[in-house]
Amino acid sequence: MFSKYLCAVQKKWTVQSVGELEKVAAEILAATPAKKFAVYGNMGAGKTTFIKSICKQLGTDENISSPTFAIVHEYAGREKIYHFDLYRINKIEELIEIGFEEYLENDAYVFIEWPEVVEHMLADFNFATIKITEQNDGSRIIEVSGE
Amino acid sequence: MPVTILGIESSCDETSAAVLIDGQIVSNITADQSVHAKYGGVVPELASRAHQANIIPVVSATLRDANIDLKKLNAVAFTQGPGLLGALMVGTSYAKGLALALDIPLIAVHHMQAHILAHFIKYPHPQFPFLCLTVSGGHTQIVLAQDHLQMKVIGQTIDDAAGEAFDKTAKMLGLNYPGGPLIDKYAKQGNGDKFHFPEPQVPDLNFSFSGLKTSILYFLRDEIRKNENFIQENLYDLCASIQKTIAGILLKKMIKAAKHTGIREIAISGGVSANSELRRLFTENAKELGWNIYIPDLEYCTDNAAMIAITGYYKYLKKEFAEQTIIPLARIPELKSH
């Protein structure tokens with residue numbers, strides 16, 4: 001899933017409840033200089049929920065909801081935040097049309113759910129990756145890697 | 001002098017134009033982007049290009065259908081947002097150009113406000129103040145409407161939209177995305193009480209469908225371990241049970257909102273209001289709850305330009321016009337209260 005862009009995992013957390021996410025979110029933001037994150041995880045793993053925690057850390061009080069239908073949501077935190085969901089995207093051309101590259105070139109925070117379809121583009125934009133894996137007991141492992 | 005308004009909608013899938021004369025819709029035409037059916041769902045690239053290709057033919061067809069000359073128009077209303085930026089850009093640019101050429105006012109419309117004012121296209125109209133549940137693939141909101149232009153969001157989803165919950169659980173059942181309408185179809189042959197899923201515990205008037213999605217996922221995973229044909233053998237009952245759960249969550253929050261505000265005028269809009277269980281559940285409970293229920297015709301529930309035109313009309317009466325410098329907005333955080 002990570003293919004060739006997987007760097008050595010830098011940090012790893014096991015979280016038991018949603019309440020612990022904000023602490024992990026704060027630690028991730030402090031640990032990496034990257035402002036762009038590809039967020040991997042199966043359906044129901046908690047990608048949107050985790051991005052919600054990170055956005056809160058970035059100072060937005062806006063309602064963060066799933067952008068599956070809209071493809072991208074934009075929030076105003078201390079800095080601008082773009083929250084993508086590429087679940088419905090089949091071909092990269094579809095994204096280029098809505099100005100995907102311009103979003104990436106922006107000096108804004110970018111979070112991308114279901115990033116598999118654009119994986120080959122991410123190396124050019126200094127992306128960190130977040131991988132969320134659900135365990136049988138319902139806890140989640142959150143791994144962050146990147147430069 | 002009658003007031004004639006052209007409405008233009010291009011926020012997502014549909015390119016649509018409508019003509020409204022003195023508050024009455026005389027024509028409402030939506031281009032059928034059949035090209036999407038081939039590729040499945042909303043395809044942004046195709047959406048923007050299809051809007052470009054469709055907009056002039058759709059407007060011309062609407063004017064012809066209404067038997068109206070461009071010169072008779074008093075204003076042009078268009079969807080400013082929220083929606084896909086590339087798609088919104090097409091309608092916005094066209095509306096600006098037309099208003100400039102005809103030297104008539106330009107009116108920017110909030111798509112979500114328009115979904116609510118769709119209730120004023122036909123009678124009976126809800127009485128103010130009323131509550132509107134707007135449910136679609138991208139939105140789930142409870143809005144308190146004080147008058148035509150004064151609205152306040154009092155509850156909304158904190159994660160997935162109700163339509164998304166339908167579409168994503170449909171996908172888990174192996175149905176093609178977006179599978180919401182298929183769930184409705186199969187549910188008709190199933191038993192909605194067969195399976196029970198935990199309802200989200202969200203405070204206030206907000207909604208959450210993400211937890212439900214996950215619990216259905218885990219439930220299916222566990223059952224498939226015991227019987228690999230579980231979904232195939234129980235498809236109709238699963239669809240009925242999932243649908244009943246989602247509709248039940250929506251009803252419970254509306255009951256809470258109605259109690260909280262003391263309002264019994266209840267409206268439903270958005271594409272998911274086409275769901276038959278949602279309609280049945282709300283209509284059936286309305287009597288006991290003392291509610292008056294309003295659900296527009298289906299053509300005014302899904303995205304359409306008639307709702308943009310009617311919203312434009314109320315803004316026209318208040319002279320709420322836009323400047324030529326206006327830009328489309330992919331996301332407008334709150335319904336503005338003017």
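This text goes with the structure placed above it.
The rules behind these values
Residues numbered from 1 in each chain as written. Chains lettered and ligands numbered in written order. Predicted model: local features only at pLDDT ≥ 70, side-chain atom pairs only at ≥ 80, totals over all residues. Heavy atoms only, no water. Helix = DSSP H or I, 4+ residues; strand = E, 2+ residues; numbered from the N terminus. Rg over C-alpha atoms; globule rule 2.2 N^0.38 Å. Buried < 20%, exposed > 50% of the residue type's maximum accessible area, 1.4 Å probe, protein only. Contact = heavy atoms within 4.5 Å. Areas by Shrake-Rupley, 256 points an atom, 1.4 Å probe, with all protein chains shown as cover. Lys, Arg positive; Asp, Glu negative; His and termini not counted. Charge placed at Lys NZ, Arg CZ, Asp CG, Glu CD. Salt bridge = Lys/Arg side-chain N within 4 Å of Asp/Glu carboxyl O.

1. Some details on the overall build of chain A
Helix and strand counts for chain A stand at 5 helices and 7 strands. Taking 147 residues into account, the globule formula puts the C-alpha radius of gyration at 15 Å, and chain A, at 14 Å, falls close to it. Each principal axis of the C-alpha atoms in chain A carries an extent, and together these give about 40 × 35 × 30 Å. Out of the 147 residues belonging to chain A, those deemed buried represent 57%. When contacts within chain A are restricted to residue pairs at least 6 apart in sequence, long-range pairs at least 24 apart make up 62% of them. Only carbon and sulfur atoms are counted for the fraction: they give 48% of the accessible area of chain A, which is about 6,300 Å². Taking the 15 positively charged and 23 negatively charged side chains of chain A as two groups, their mean positions are separated by 5 Å.

2. Examining the overall build of chain B
A count of helices and strands for chain B gives 11 helices and 10 strands. The C-alpha radius of gyration computed for chain B amounts to 21 Å, which stays within 12% of the reference 20 Å derived for 338 residues, consistent with globular compactness. For chain B, the C-alpha atoms occupy an extent of roughly 70 × 45 × 30 Å along the three principal directions. Across the 338 residues that make up chain B, the buried fraction comes to 60%. A separation of at least 24 residues holds for 74% of the contacts in chain B among residues at least 6 apart in sequence. Taken as a whole, chain B presents about 14,100 Å² of accessible surface, with 52% of it coming from carbon and sulfur.

3. Description of the pattern of salt bridges
Charged atoms that come close allow side chains of opposite charge to pair. This structure, assessed with the given rule, holds 17 salt bridges over all chains. Linking Asp184 of chain B and Lys188 of chain B is a salt bridge whose minimum nitrogen-to-oxygen distance equals 3.6 Å. Given the relative accessible area of 60%, Lys188 of chain B is considered exposed. Within this structure, Lys35, Glu79 and Asp107 of chain A form a network of salt bridges that share partners.

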